[in-house]
Amino acid sequence: MTAFASGTGGLGQHSWTWELRSVNAKGLDLRLRVPDWLDGLEAALRADLGKALSRGSVTLGLRVTRDGDEGRIALNPSTMNTVLDALAEIEAEALRRGMTLAPSRAADLLGVRGMLDVSSGSDDAGPLVAQLKREFPDLVARFLEMRESEGAALEGVLRGQIDQIETLTTQAAALVEGRRAAMAEALQANLARVMGSGQSADPDRVAQELAMIAVKSDVTEEIDRLVAHVAAARELVETGGPIGRKLDFLTQEFNREANTLCSKSQHRELTALGLELKAVIDQMREQVQNVE
């Protein structure tokens, strides 16, 4: 989801600079800084970005200047009065509650959106807005190209991690097969120890308890689900498109099965494999946060 694109342009006496960047986010968060006097431009740019992107914290900055005239700045009386009234109400409520607020500074109030009106030096901004709308798709295309380039590299990393999970799962399945005989011998030895201790015990009851232990330590289902999750992850990567949230869910499922595998293993080598599996899954989960 990380990417950056910039551009410049000009029309008549106006010139401008674009900057479009994004970082990772669970959803789509669009933050636009566009001059207020360019009527209708922000809504149009926001709509274009919403169609092109589905995930990421995206920031768009547009700075427009007029050659030989940086514009005239003036206070917006309506906004100023609204802000001052709100500030007075806050201070009065704080005083009523016995609270003391730090003095407000004019510089803080000037930073409120809409407090300052910037004149563009032109009566009709329509042609300028139209030109900016025409140029914006090219900026978005270059932005998406960078995202796709990073995505191609990330695809190779994810495929490698999925292969690692599959290899470790196959090794775990082989250990489980070899572990069955050892567990059976251990259970038989435990049964013989209990029955030969001289204490009265119901053989059927003891056998049932040992059988329950064997069932609780069986990790066949966890192995099968890991195999299924590997197939699902590969299918998602092959499909492409916005798959980040689905992959994030799959990594949670991978981690759940690996945790259960470790808790039920009762086998040193199988536990070590489970821990290695958890490490790879954690690395994959970090990378998935970069996928749209």
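See the structure printed just above.
Residues numbered from 1 in each chain as written. Predicted model: local features only at pLDDT ≥ 70, side-chain atom pairs only at ≥ 80, totals over all residues. Heavy atoms only, no water.

1. Comments concerning the packing of aromatic side chains
For the structure on display, the rule yields 1 aromatic pair. For the ring pair Trp18 and Phe136, a centre distance of 5.3 Å and an interplane angle of 40° mean the geometry is tilted. Linking Trp18 in strand β2 (residues 14–23) with Phe136 in helix α4 (residues 126–195), this pair joins segments that are 118 residues apart in sequence. Look at Phe136 and you get buried, because its relative accessible area is 1%. (Phe/Tyr/Trp six-rings, centres within 6.5 Å; stacked < 30°, edge-to-face > 60°. Helix = DSSP H or I, 4+ residues; strand = E, 2+ residues; numbered from the N terminus. Buried < 20%, exposed > 50% of the residue type's maximum accessible area, 1.4 Å probe, protein only.)

2. Some words on the pairing of strand β3 (residues 28–33)
Bridge count between β3 and strand β4 (residues 56–66): 6 bridges; the pairing is parallel. Along β4, the bridge assignment pairs Leu32 with Leu60. Following the backbone out of β3, through helix α1 (residues 41–52) and into the adjacent parallel β4, one traces a crossover that is left-handed. (Pairing = 2+ DSSP bridges. Right-handed = clockwise from strand over helix to strand, strands pointing away.)

3. Thoughts on a nonpolar patch on the surface
On the surface, a nonpolar cluster with roughly 240 Å² of combined accessible area is contributed by Leu75, Leu110 and Leu116. As for its placement among the helices and strands, Leu116 is situated in strand β6 (residues 116–118). Relative accessible area serves as the criterion here: at 32%, Leu116 is assigned to the partly exposed category. (Patch = residues over 30% accessible without salt bridge, like charges linked within 9 Å, V, L, I, M, F, W, Y side chains within 5 Å. Areas by Shrake-Rupley, 256 points an atom, 1.4 Å probe, with all protein chains shown as cover. Salt bridge = Lys/Arg side-chain N within 4 Å of Asp/Glu carboxyl O.)

4. Focus on the environment of Val34
Among the structural elements, Val34 can be located in the loop between β3 and α1. A C-alpha to C-alpha distance of 5.3 Å links Val34 and Leu62, two positions 28 residues apart in sequence. If we ignore the near neighbours within four places in the chain, the residues touching Val34 are Leu41, Glu42, Leu45 and Leu62. (Contact = heavy atoms within 4.5 Å.)

5. Quick notes on the side chain of His229
Examined against the element boundaries, His229 turns out to sit in helix α6 (residues 220–239). Relative accessible area serves as the criterion here: at 13%, His229 is assigned to the buried category. Beyond its immediate chain neighbours, meaning those up to four positions away, His229 contacts Leu250, Glu253, Phe254 and Glu257.

6. Quick notes on the nonpolar core
Counting 28 residues, the largest nonpolar core has Leu158, Ile165, Leu247, Phe254, Leu261, Leu277 and Met284 as its most contacted members. Elements with a minimum of two residues in this core: α4, α6, α7 (244–264) and α8 (268–288). (Core = buried A, V, L, I, M, F, W, Y, C linked by side-chain atoms within 4.5 Å.)

7. Focus: the sheet that holds β2
Overall, mixed pairing links the 4 strands, which are arranged β1-β2-β4-β3 in an open sheet. With one partner strand each, in any of the chains shown, β1 (3–11) and β3 form the two edges of the open sheet. The average undirected angle you get between the axes of adjacent strands in this sheet is 10°. The pairing of β1 with β2 spans 9 bridges and is classified as antiparallel. Bridging across to β2, Thr8 finds its partner in Thr17. Set on the sheet, α1 makes contact with β2, β3 and β4; between it and β3 the angle comes to about 150°. (Axes fitted to C-alpha atoms, helices over the stretch in contact; angles between N-to-C directions.)

Nothing here speaks to function; it is all geometry.
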